[in-house]
Amino acid sequence: MKNLELLDELDQRDLIPAEISEMLRTKIAQQGDQVTVESILGFLVKQEYLSQIAANKFLLATQQISPQSEVGNLGLAPLDETGSEDED
C-alpha cells in the first residue's frame, strides 16, 4: 500500500477528518514518496486521529507480500548440484 492508497482507505472508512486528508494529500503532491506510509501513520497517532493499534494494522497491511511477488521472481539462481565435496 502506498501513501495515497492509505489515505484513500482512511477516507473510505471515514477515520480522519477531510481537512487532515487534504493537508496530507497536498504534502504528498509536494514531496512525493518522501512522505511514507509510516510517517503518515506516525503523524495520525501523534495527533490522536488513530490509535496505535489501528496504525499497526494499517502498517501490517502495507507490508504484506503482493501477488506479483512469487517465488520464481526472487532473482535466485539454483544451487550447484555437484556439492562442495569432490567425488572421485
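Just above sits the structure.
Computed from a predicted model, the values in this text were never measured in an experiment.

When you go through the protein chain residue by residue, the secondary structure sums to 4 helices and 0 strands. Counted from the first residue to the last, the protein chain has its helices and strands arranged as α-α-α-α. Within the protein chain, buried positions represent 20% of all 88 residues. By element, 50% of the accessible surface of the protein chain is carried by carbon and sulfur atoms, the whole surface being about 7100 Å².

Within the secondary structure layout, Arg25 lies in helix α2 (residues 18-31). Spatially, the C-alpha atom of Arg25 lies 9.7 Å from that of Val35, the residues being 10 residues apart in sequence. Setting aside anything within four residues of it in sequence, one finds Arg25 in contact with Leu4, Leu7, Asp8 and Asp11.

Counting across every chain of the model gives 3 salt bridges. The salt bridge involving Glu9 is made with Arg13; its shortest N-O contact spans 2.7 Å. Each of Asp8, Asp11 and Arg25 takes part in a single network of salt bridges with overlapping partners.

Here α2 crosses helix α3 (residues 37-46) at 150 degrees, and the two axes come no closer than 12 Å. Comparing the axis directions of α2 and α3 gives the class roughly antiparallel. The crossing of α2 and α3 is right-handed. The segment α2 lies against α3, with Ile20, Met23, Leu24 and Ile28 engaging Ile40, Phe43 and Leu44. Across the contact of α2 with α3, the residue classes tally to 7 nonpolar, no polar and no charged.

If you trace the backbone, Ser21 turns up in helix α2. Discounting residues that sit within four places of it in the chain, Ser21 has contacts with Leu7, Asp11 and Ile16.

Glancing now at the nonpolar core. Counting residues in hydrophobic clusters, the biggest one holds 15 residues, and the most contacted among them are Leu6, Leu7, Leu10, Leu24, Ile40, Leu41 and Leu44. The set of elements that each furnish at least two residues to this core consists of α1 (3-12), α2, α3 and α4 (52-63). At 4 residues, α3 tops the list of elements feeding residues into this core. Setting aside anything within four residues of it in sequence, one finds Leu24 in contact with Leu7, Ile40, Phe43 and Leu44.

The next subject is the packing of α1 against α2. Where α1 contacts α2, the axes come no closer than 11 Å and their chain directions differ by 170 degrees. Between α1 and α2, the interaxial angle falls into the category roughly antiparallel. Across the interface between the two elements, Asn3, Leu4, Leu7, Asp8 and Asp11 from α1 touch Ser21, Leu24, Arg25 and Ile28 from α2. Looking at the contact of α1 with α2 residue by residue, the classes come out as 4 nonpolar, 2 polar and 3 charged.

About the cut-offs
- Residues numbered from 1 in each chain as written.
- Predicted model: local features only at pLDDT ≥ 70, side-chain atom pairs only at ≥ 80, totals over all residues.
- Heavy atoms only, no water.
- Helix = DSSP H or I, 4+ residues; strand = E, 2+ residues; numbered from the N terminus.
- Buried < 20%, exposed > 50% of the residue type's maximum accessible area, 1.4 Å probe, protein only.
- Areas by Shrake-Rupley, 256 points an atom, 1.4 Å probe, with all protein chains shown as cover.
- Contact = heavy atoms within 4.5 Å.
- Salt bridge = Lys/Arg side-chain N within 4 Å of Asp/Glu carboxyl O.
- Axes fitted to C-alpha atoms, helices over the stretch in contact; angles between N-to-C directions.
- Parallel < 35°, antiparallel > 145°, perpendicular 65-115°, else oblique.
- Left-handed = near helix turned anticlockwise from the far one by under 90°.
- Nonpolar A, V, L, I, M, F, W, Y, C, P; charged D, E, K, R; others polar.
- Core = buried A, V, L, I, M, F, W, Y, C linked by side-chain atoms within 4.5 Å.

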